[in-house]
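# Structural overview
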Amino acid sequence: MTQVPGSWRRAAAGARLLGADGEVAPTIFAEMSALAGRTGAINLGQGFPDDEGPAEVLEAARRAIADGQNQYPPGRGTPDLRAAIAEHQERFYGLSWDPGSEILVTAGATEALTASLLALLEPGDEVVVFEPFYDSYAAAIALAGARLVPVRLRWPGFQPDPEELAAAVTDRTRAILVNDPHNPTGTMFTAEVRSLVVELAERHDALIITDEVYEHLAFARAHSPIAAIPGARDRTISISSGGKTFRTTGWKIGWLTAPAELVTAILTVKQYLTYVNGSPFQPAIAAGLRLPDAFFDELALDMRAKSEALGRGLDAAGFAVSRPAGTYFTVADAASLGYDDAAEFCRALPGLAGVVGVPLSAFVTAEHHDEYRSLVRFAACKRIGMLEEAAGRLAQLAGVTR
């Protein structure tokens, strides 16, 4: 039997992807999607949209393919996309970045995050992460030989306790990883929390790595990057992508902005991961980033309407619901329906209501599993008609408890 190298075994274990026998275990997302496929249930488990991106963006990709932009692009990304990213950051946030040295195009935000952690962490370093967290974080930190230090976000508001955050950040902390707007909870961190992150990073000379892929799907208030806070720019790696904003998750065009010396360090790792990717999709995402303000405004309004449609169905079913401030996601508590185990509930839900969700415990460390045991994440990134159908199905649960 082929032996799994220790570093990869650590990463798989960190993401809870290895079973007891050392074989790769299916993720809860794969399990729930397969369950939806077998039962015909509406899949509100995985966070991918079911409608197409803007016509201008799709047409730009077709045109690039027809024009022969099908070979390797430059290692840092095409000059036009890097220019568009710089224009976007200045236009929306007042942040100025040099396209030549302070921007790097990656194979989605996941590669940007992984390359950053591999480049900037040493074995034994600590990374402070807000829990629940996107599952690749644990794997990338483990692969780097570092230690994940969770700071819990508690139901129903999912804001961290300032004292717990301050205690978690020490001189051993190499990076604070911030996902805002936040997957899986849908929360957005308060100005006080974001300022505290910067203060703690300065005090302990830590980096800040931000995952901002839902930046244009914030609907409670406008997104503001941590890099825009005074004192944060020179120690922050800001990561985003076009997948969520332009409904092109399969294209995997991401990017990061950071001071030049950090970008250079990350590039040394990134070039041995994917090297480059998505040549004809890079001009298409550049076109998307230059769309008028009305597109981005409508995107947030559309996400709000979808989130509210899902929320109405969850309310009618009798769930306790945490109202999201952004992202695709809404978290609901199945305990009010008599289920204290969300994993068990999610496996039963297709038969109960013809809908699929995922347990929030899939996004937490083992030691904190019980704190999130009854919570379920639902995704609202579907057509409004499908969400209304899902809401109607969920409403059938009203008054039905175990």
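So, how was this worked out
- Residues numbered from 1 in each chain as written.
- Predicted model: local features only at pLDDT ≥ 70, side-chain atom pairs only at ≥ 80, totals over all residues.
- Heavy atoms only, no water.
- UniProt positions renumbered as here; feature names shortened; annotations may be inferred.
- Helix = DSSP H or I, 4+ residues; strand = E, 2+ residues; numbered from the N terminus.
- Rg over C-alpha atoms; globule rule 2.2 N^0.38 Å.
- Buried < 20%, exposed > 50% of the residue type's maximum accessible area, 1.4 Å probe, protein only.
- Contact = heavy atoms within 4.5 Å.
- Areas by Shrake-Rupley, 256 points an atom, 1.4 Å probe, with all protein chains shown as cover.
- Lys, Arg positive; Asp, Glu negative; His and termini not counted.
- Charge placed at Lys NZ, Arg CZ, Asp CG, Glu CD.
- Pairing = 2+ DSSP bridges.
- Axes fitted to C-alpha atoms, helices over the stretch in contact; angles between N-to-C directions.
- Parallel < 35°, antiparallel > 145°, perpendicular 65-115°, else oblique.
- Nonpolar A, V, L, I, M, F, W, Y, C, P; charged D, E, K, R; others polar.
- Domains from an automatic or database assignment.
- Buried area = accessible area lost by both parts, 1.4 Å probe.
- Salt bridge = Lys/Arg side-chain N within 4 Å of Asp/Glu carboxyl O.

For the chain, an unreviewed UniProt entry supplies the name Aminotransferase class I/II-fold pyridoxal phosphate-dependent enzyme and the organism Microbacterium sorbitolivorans. Among the UniProt annotations of the chain, the heading Cofactor (unreviewed entry) holds the following wording: "pyridoxal 5'-phosphate". Taken directly from UniProt, the Sequence similarities (unreviewed entry) text for the chain runs: "Belongs to the class-I pyridoxal-phosphate-dependent aminotransferase family."

### What about the overall build of the chain?
A tally of regular secondary structure across the chain gives 13 helices and 13 strands. For 402 residues, the compact-globule formula gives about 21 Å, and the C-alpha radius of gyration of the chain, at 21 Å, lands near that figure. Across its three principal axes, the chain shows a C-alpha extent of roughly 60 × 50 × 50 Å. Within the chain, buried positions represent 58% of all 402 residues. Looking at the chain alone, contacts between residues at least 24 apart form 75% of all its contacts between residues at least 6 apart. For the chain, the exposed area adds up to about 15,800 Å²; of that, 53% sits on carbon and sulfur atoms. Of the charged side chains in the chain, 35 are positive and 49 negative, and the gap between their average positions amounts to 3 Å.

### Regarding the sheet that holds strand S9 (residues 320-322)
A sheet is described by the order of its strands in space; here four strands give the open sequence S9-S10-S13-S12, paired in antiparallel fashion. Where the open sheet ends on each side, the last strands, each with one partner, are S9 and strand S12 (358-359). Inspection of the sheet shows S12 paired to strand S13 (residues 375-379) by two bridges, in the antiparallel sense. Following the sheet pairing, Pro359 is matched in S13 by Val376. Here helix H12 (residues 342-353) sits on the sheet and contacts S12 and S13; the angle it forms with S13, its principal contact strand, is near 45°.

### Here we look at the packing of helix H11 (residues 293-317) against helix H13 (residues 384-395)
Viewed as axis vectors pointing N to C, H11 and H13 meet at an angle of 10°, and their least axial separation amounts to 7 Å. Comparing their axes, H13 and H11 come out roughly parallel. Within the contact between the two elements, H11 uses Ala305, Lys306, Ala309, Leu310, Gly313, Leu314, Ala316 and Ala317 and H13 uses Ile384, Leu387, Ala391, Leu394 and Ala395. Of the residues contributing to the contact of H11 with H13, the split by class is eleven nonpolar, one polar and one charged.

### Brief notes about the UniProt feature "domain: Aminotransferase class I/classII large" (unreviewed entry) in the chain
Following the UniProt record, one finds the feature "domain: Aminotransferase class I/classII large" (unreviewed entry) at residues 41-393. Summarising residues 41-393: 39% helix, 17% strand, and an end-to-end C-alpha distance of 10 Å.

### Comments concerning the domain arrangement of the chain
Segmentation of the chain into domains returns domain 1 (7-52 + 295-399) and domain 2 (55-292). Domain 1 puts 41 residues into the contact, and the matching count from domain 2 is 44 residues. Note on domain 1 versus domain 2: buried area summed over both sides is about 3,800 Å², and carbon and sulfur give 65% of it. On inspection of domain 1 and its partner domain 2, the count reaches three salt bridges.

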